[in-house]
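Chains, contacts and geometry: an overview
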Amino acid sequence: MKLYNVPNNTKVRLKSIENGPPTSIDPMVDTTYTFKHIDGMYSLCYDTDGKHVHLPAWSEVEIVT
């Protein structure tokens, strides 16, 4: 599922490596992130340590229940 199809405030697991903006930390495959919302081409997500990560909106993810 593409990240842009996921409802806001959902936990997701990244399924493929996508390059985010240059100032973002590098996302890791099979890591769980809390997806907040899409902002243009990128999203606002948080990792388990509370650091923000900007995953591309077209990232392949799965919803974590």
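Just so it is clear, the model here is predicted, and its values are computed rather than measured. Numbering of residues starts from 1 in each chain and follows the order in which that chain's sequence is written. Thresholds applied to this predicted model are a pLDDT of at least 70 for local features of residues and 80 or more for the giving and counting of side-chain atom pairs; totals over whole chains, interfaces and linings are not thresholded and use all residues. Only heavy atoms go into the side-chain values, all of them from the structure, while hydrogens and water stay out.

**Concerning the pattern of salt bridges**
Should a side-chain nitrogen of Lys or Arg be within 4 Å of a carboxyl oxygen of Asp or Glu, the pair is scored as a salt bridge. Scanning all chains against the criterion turns up three salt bridges. The closest approach of N and O atoms between E60 and K2, which form a salt bridge, is 3.4 Å. Taken together, the positions of E60 in the loop between β4 (52-53) and β5 (61-63) and K2 in the segment before β1 (10-14) put the pair 58 residues apart, joining distant regions of the chain. Residue exposure (1.4 Å probe, protein chains only): buried if accessible area is under 20% of the type maximum, exposed if over 50%, otherwise partly exposed. When its relative accessible area of 28% is taken as the criterion, E60 is described as partly exposed. Going along the chain from the N terminus, every DSSP run of H or I of four or more residues is numbered as a helix, and every run of E of two or more is numbered as a strand.

**A look at the side chain of T34**
Tracing the backbone shows T34 in strand β2 (residues 32-39). A polar contact is formed between the side chain of T34 and the side chain of K11, at a distance of 3.3 Å. Here, residues are in contact when the closest pair of their heavy atoms is within 4.5 Å. The contact partners of T34, leaving out residues within four places of it in the chain, are T10, K11, L44, C45 and Y46. Polar contacts, as counted here, are pairs of nitrogen or oxygen atoms within 3.5 Å of one another; within protein the pair requires one atom able to donate a hydrogen and one able to accept it, and residues that are adjacent in sequence qualify only if both atoms are side-chain atoms.

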